[in-house]
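Listed here are the chains, written in short residue letters.
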Amino acid sequence: MDLIRNFIGGKFVAAQSGRTQPNINPANGESLGEVTSSGVGEVTAAVAAAKAAAHGWRTMTAPRRGEILFRAAAILRRRKDEVARALSLEEGKSLADAGGEVQRAINCIEFSAGEGRRGFGQVIPSELPSNLIYTRRIPLGVVALVTPWNFPVAIPMWKAAAALVCGNTLVLKPASSTPWCAQLMTEVLVEAGIPEGVWNVIYGPGSSIGDALVNHPDVAAISFTGSNDIGQRLHALGAAQNKKVQCEMGGKNAIIILDDADLDLAAAATVQGAFFSTGQRCTATSRAVVCKQVLKPYLQLVVEKAKALKVGSGVTAGVQVGPIVDERQFATVMKYLEIGKQEAQLECGGERMGGELAAGFFVPPTVFSGVRRDHRLAQEEIFGPVLSVLEVADEAEAFAVANDSRYGLSSSVYTRDVGRVFRYIDQVETGILHVNSATIGGEAQVPFGGLKDTGVGGREQGTTALEFFTEWQSIYIDYTGEKRTASFY
């Protein structure tokens with residue numbers, strides 16, 4: 001791979017400092033190439049390019065902007081296998097999971113592209129005669145996107161597609177661990193005909209670039225996905241400057257297994273949610289909240305299915321669980337394995353994998369039982385292939401334990417009782433709820449996001465995504481040709 005360079009004003013450019021860093025394959029520690037490492041100077045240049053392009057992009061009709069996005073979706077579909085392989089090599093997830101992510105990106109682009117031909121506003125009846133009132137959405141201007149490594153194709157694209165169709169210009173700061181994916185998305189948009197300056201990408205440390213983007217006076221809004229610590233700080237910085245800030249942050253998602261559940265289906269969904277994508281997804285199943293009547297057979301099924309999963313390099317045929325993304329995240333997961341061994345009962349996994357996988361950041365699917373609701377395993381986001389199993393007495397305690405978290409992204413319940421289904425929907429505090437399916441998964445046309453500390457600033461995906469990337473205008477047109485006497489209530 002050649003040096004991955006910034007994309008600013010329609011050109012690929014290296015950092016002014018000349019600094020680079022290696023892009024590491026987490027499966028074997030080998031270098032996939034080099035990526036430029038930028039600073040505040042590149043932020044200034046990228047924002048200036050986006051600002052210069054803003055008027056032309058804003059005045060292009062929304063259907064025309066949508067046509068460019070439709071072309072981008074078609075190009076990404078044509079290159080799907082290539083992009084999935086790069087994603088697997090760079091981030092670690094299996095080819096099957098990587099292909100699913102690329103398809104999710106295609107779906108999101110196509111959905112947003114279609115919004116270019118829908119009405120963005122309303123005509124509203126006036127109480128006055130010969131008076132037309134209508135509303136419209138207008139773009140914000142320059143928007144910064146700060147995106148994570150765990151979905152390095154889908155998340156940038158579901159943010160960018162919505163922002164672009166609304167008429168905003170963008171500066172993307174992708175995760176340092178996954179620059180290749182951002183370069184491929186740039187290639188797709190360039191081939192689709194994105195005008196110069198509308199799409200800009202800068203690579204480098206998030207601590208300096210993220211702050212510089214938030215603090216830049218020409219950046220109108222920031223859409224962030226990542227950790228709570230960083231998201232809350234960026235939100236505070238933006239709010240202090242009256243900027244719109246959207247943050248999608250942590251999760252500690254629970255699958256609830258009631259005593260009438262189909263245990264085989266529930267165990268399969270648990271394993272899929274907890275261990276596919278190496279547990280490195282915000283909707284991953286982190287907790288299993290299980291009624292005591294079915295705990296033993298359920299746990300046996302989960303452990304059997306977890307042990308049967310194939311672990312290895314994501315590009316190897318048949319692999320279901322890949323490596324942890326990088327050394328830093330690997331250290332975090334290893335720390336929680338040690339915490340778990342002190343707090344609970346280890347059922348399987350729990351150690352770094354050796355042998356032919358010793359050079360990579362591999363942790364096998366790990367299950368802890370006997371976890372209490374106040375344990376760190378039950379409260380803190382791990383972001384790895386680790387499942388904590390908690391025993392509860394009944395439905396009421398199950399719902400209470402599921403809610404005993406600072407996060408509120410996704411949850412799931414397994415039951416055959418429709419009454420229990422609706423009590424779950426009424427009582428469990430998450431933005432996404434699944435009935436008899438895994439905690440993971442979602443569709444492009446549906447709002448995505450959570451409650452409590454999971455998110456702030458509005459939902460992503462679906463038509464609700466347009467809300468964040470636009471402002472409303474209300475227009476009153478008097479066509480009487482006469483003087484009116486105003487009335488105020």
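A quick note: this is a predicted structure, and the numbers were derived from the prediction, not measured.

(A) Molecular detail of the pattern of salt bridges. Within this structure, the stated rule accounts for 25 salt bridges. Within this structure, Asp 259, Asp 260, Glu 395, Arg 420 and Arg 423 form a network of salt bridges that share partners.

(B) Main features of helix α1 (residues 40-59). In this model α1 runs 29 Å from its N-terminal to its C-terminal C-alpha over 20 residues, within 8% of the 28 Å that 1.5 Å per residue would give. Residue Ala 53 marks the point of greatest curvature in α1, where the axis turns by about 40°. Within α1, the full set of buried residues consists of Glu 42, Val 43, Ala 46, Val 47, Ala 49, Ala 50, Ala 53, Ala 54 and Trp 57.

(C) Expanded view of the state of the cysteines. Scanning all chains against the criterion turns up zero disulfides. Free cysteine Cys 108: the closest other cysteine sulfur is in Cys 282, separated by 12 Å.

(D) Quick look at a nonpolar patch on the surface. A cluster of nonpolar side chains, contributed by Val 123, Leu 132, Tyr 134, Ile 477 and Tyr 479, occupies part of the molecular surface with about 470 Å² of accessible area. A residue is classified by how much of its surface remains accessible, and Val 123, at 65% relative accessible area, is exposed.

(E) Seen up close, the sheet that holds strand β5 (residues 123-124). If you trace the three strands from one edge of the open sheet to the other, you get β5-β6-β22, paired in antiparallel fashion. In the strand order of this sheet, the two ends are held by β5 and β22 (470-478), each with one partner. In the sheet, β5 pairs with strand β6 (residues 131-139) via two bridges, with the strands oriented antiparallel. Across the sheet, the residue bridging to Val 123 is Tyr 134, located in β6.

(F) Representation of the side chain of Arg 281 within the structure. Mapped onto the elements, Arg 281 comes out in the loop between α9 (263-275) and β13 (285-291). It turns out Arg 281 is buried and unbridged, and the closest side chain with the opposite charge, Asp 97, is 5.0 Å from it. Among the polar contacts listed, one links the side chain of Arg 281 to the side chain of Ser 277, at a separation of 3.4 Å. If near-sequence neighbours (up to four positions away) are discounted, Arg 281 is found in contact with Asn 150, Phe 151, Phe 276, Phe 383, Ile 440 and Gly 441.

(G) Quick look at the packing of helix α3 (residues 80-91) against helix α4 (residues 95-115). One can describe the packing of α3 onto α4 by two numbers: an axis separation of 8 Å at closest approach and a directional angle of 125°. With respect to each other, α3 and α4 are oriented oblique. Considering only the axes of α3 and α4, their crossing is right-handed. Between α3 and α4, the residues in contact are Lys 80, Val 83, Ala 84, Arg 85, Leu 87 and Ser 88 and Leu 95, Ala 98, Gly 99, Glu 101, Val 102 and Gln 103, respectively.

(H) Region of interest: helix α11 (residues 327-343). Taking 1.5 Å per residue, 17 residues should reach 24 Å; α11 reaches 24 Å between its end C-alpha atoms and fits that length. Among all positions in α11, only Gln 329, Phe 330, Val 333, Tyr 336, Leu 337, Ile 339 and Gly 340 are buried. Lining the buried residues of α11 we find β15 (366-369), α12 (376-379) and β16 (386-392).

Reading guide: rules and limits
- Residues numbered from 1 in each chain as written.
- Predicted model: local features only at pLDDT ≥ 70, side-chain atom pairs only at ≥ 80, totals over all residues.
- Heavy atoms only, no water.
- Salt bridge = Lys/Arg side-chain N within 4 Å of Asp/Glu carboxyl O.
- Helix = DSSP H or I, 4+ residues; strand = E, 2+ residues; numbered from the N terminus.
- Expected span 1.5 Å × (residues − 1).
- Bend = angle between axes of the 7 residues up to and from the residue.
- Buried < 20%, exposed > 50% of the residue type's maximum accessible area, 1.4 Å probe, protein only.
- Disulfide = S-S within 2.5 Å.
- Patch = residues over 30% accessible without salt bridge, like charges linked within 9 Å, V, L, I, M, F, W, Y side chains within 5 Å.
- Areas by Shrake-Rupley, 256 points an atom, 1.4 Å probe, with all protein chains shown as cover.
- Pairing = 2+ DSSP bridges.
- Lys, Arg positive; Asp, Glu negative; His and termini not counted.
- Polar contact = N/O pair within 3.5 Å; in protein donor to acceptor, adjacent residues only side chain to side chain.
- Contact = heavy atoms within 4.5 Å.
- Axes fitted to C-alpha atoms, helices over the stretch in contact; angles between N-to-C directions.
- Parallel < 35°, antiparallel > 145°, perpendicular 65-115°, else oblique.
- Left-handed = near helix turned anticlockwise from the far one by under 90°.

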